[in-house]
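Examination of the molecular architecture
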Amino acid sequence: DTGVSQDPRHKITKRGQNVTFRCDPISEHNRLYWYRQTLGQGPEFLTYFQNEAQLEKSRLLSDRFSAERPKGSFSTLEIQRTEQGDSAMYLCASSPLRRGGGGELFFGEGSRLTVL
Amino acid sequence: GNSVTQMEGPVTLSEEAFLTINCTYTATGYPSLFWYVQYPGEGLQLLLKATKADDKGSNKGFEATYRKETTSFHLEKGSVQVSDSAVYFCALSEGGGFKTIFGAGTRLFVKA
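Below or above, wherever it landed, is the structure these notes cover. (Residues numbered from 1 in each chain as written. Chains lettered and ligands numbered in written order. Predicted model: local features only at pLDDT ≥ 70, side-chain atom pairs only at ≥ 80, totals over all residues. Heavy atoms only, no water.)

**Let's talk about the state of the cysteines**
- According to the stated counting rule, one finds 2 disulfides over all chains in the structure shown.
- With a sulfur-sulfur separation of 1.9 Å, Cys23(A) is cross-linked through a disulfide to Cys92(A). Across the S-S bond of Cys23(A) and Cys92(A) the torsion is about -70°, and the bridge reads as left-handed. One end of the pair, Cys23(A), is in strand E3 (residues 19–24); the other, Cys92(A), is in strand E9 (residues 88–95), with 69 residues separating them in the sequence. An identical accessibility class is assigned to Cys23(A) and Cys92(A); each is buried.
- Put simply, Cys23(B) and Cys90(B) are joined by a disulfide, and their sulfur atoms are 1.9 Å apart. Taking the torsion about the sulfur-sulfur bond, which here is approximately -70°, the covalent link between Cys23(B) and Cys90(B) counts as left-handed. Pair noted here: Cys23(B) is in strand E4 (residues 23–26) and Cys90(B) is in strand E10 (residues 86–94), with a separation of 67 residues, a long-range link. Cys90(B) matches Cys23(B) in its accessibility class, with the two residues each being buried. (Disulfide = S-S within 2.5 Å. Helix = DSSP H or I, 4+ residues; strand = E, 2+ residues; numbered from the N terminus. Buried < 20%, exposed > 50% of the residue type's maximum accessible area, 1.4 Å probe, protein only.)

Okay, structure coming up:
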């Protein structure tokens, strides 16, 4: 399977702990995105990488959140000192670099975070 | 800012019924418009898209037409099947396409 893969699929943690999610995009895709989805809502944009450069971050991404894509391949999203409000599905997507926009996003199945 | 509004669900239909899910958008430029679908237990996947005004996107019997004058991109299907039961998300992207904004999603249940 050469789609976007995310790990772990489900993480349960206690408030105040740190968690890290990993995303492996489709190998030839330059762009990688993180989104957050809460129950009954659509995905909300968090951040975006083009190759290894993080080019855009949402205001939703507080100082406790950090994302990296060190070699332009896989990416990690770390949440420090988790809070109950961080409970959500964290989605990773990738896409090829395409002139003029209008591009399709290819999503993974998501990593569900539950903070107790 | 840019936004997408779609009709609230759930929508419950009998098999072979006609489906419409309304979607309107607000954008400062000329966005591309999308419908994504999320089947139970699966990730979001693109259903169809349209990149300019009056374009019609179509796939798997679903259609949507990019209407700039009414800022709408309504999803339609003439005859739904039980296998169409899913959550449908309307979305837009502009500015080089790196930021896609999603609606809240509409859950569709189709009864046999």
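After that view, the rundown keeps rolling.
**As for the packing of aromatic side chains**
- The final tally for this structure, using the stated rule, is 12 aromatic pairs over all chains.
- Each ring, one from Tyr25(B) and one from Tyr66(B), has its centre 6.1 Å from the other, and the planes form 75°; the classification is edge-to-face. One end of the pair, Tyr25(B), is in strand E4; the other, Tyr66(B), is in the loop between strand E8 (62–65) and strand E9 (75–77), and 41 residues separate them in sequence.
- What links up through ring pairs into an aromatic cluster is the set Tyr35(A), Phe45(A), Phe107(A), Phe34(B), Tyr36(B) and Phe102(B).
- Above the plane of the ring of Phe74(A) lies Arg22(A), whose end atom (NZ or CZ) is 3.9 Å from the centre. (Phe/Tyr/Trp six-rings, centres within 6.5 Å; stacked < 30°, edge-to-face > 60°. Lys NZ or Arg CZ within 6 Å of the ring centre and 35° of its normal.)

**A word on the sheet that holds E8(B)**
Residues and elements named next belong to chain B.
- The sheet built from 4 strands is open, its strands ordered E3-E9-E8-E7 with antiparallel pairing. If you trace the sheet from one side to the other, it starts and ends with strand E3 (19–21) and strand E7 (56–59), each paired once. Along the sheet, successive strands turn relative to each other by an average axial angle of 15°, direction set aside.
- Both E3 and E9 contribute to a ladder of 3 bridges, which runs antiparallel. (Pairing = 2+ DSSP bridges. Axes fitted to C-alpha atoms, helices over the stretch in contact; angles between N-to-C directions.)

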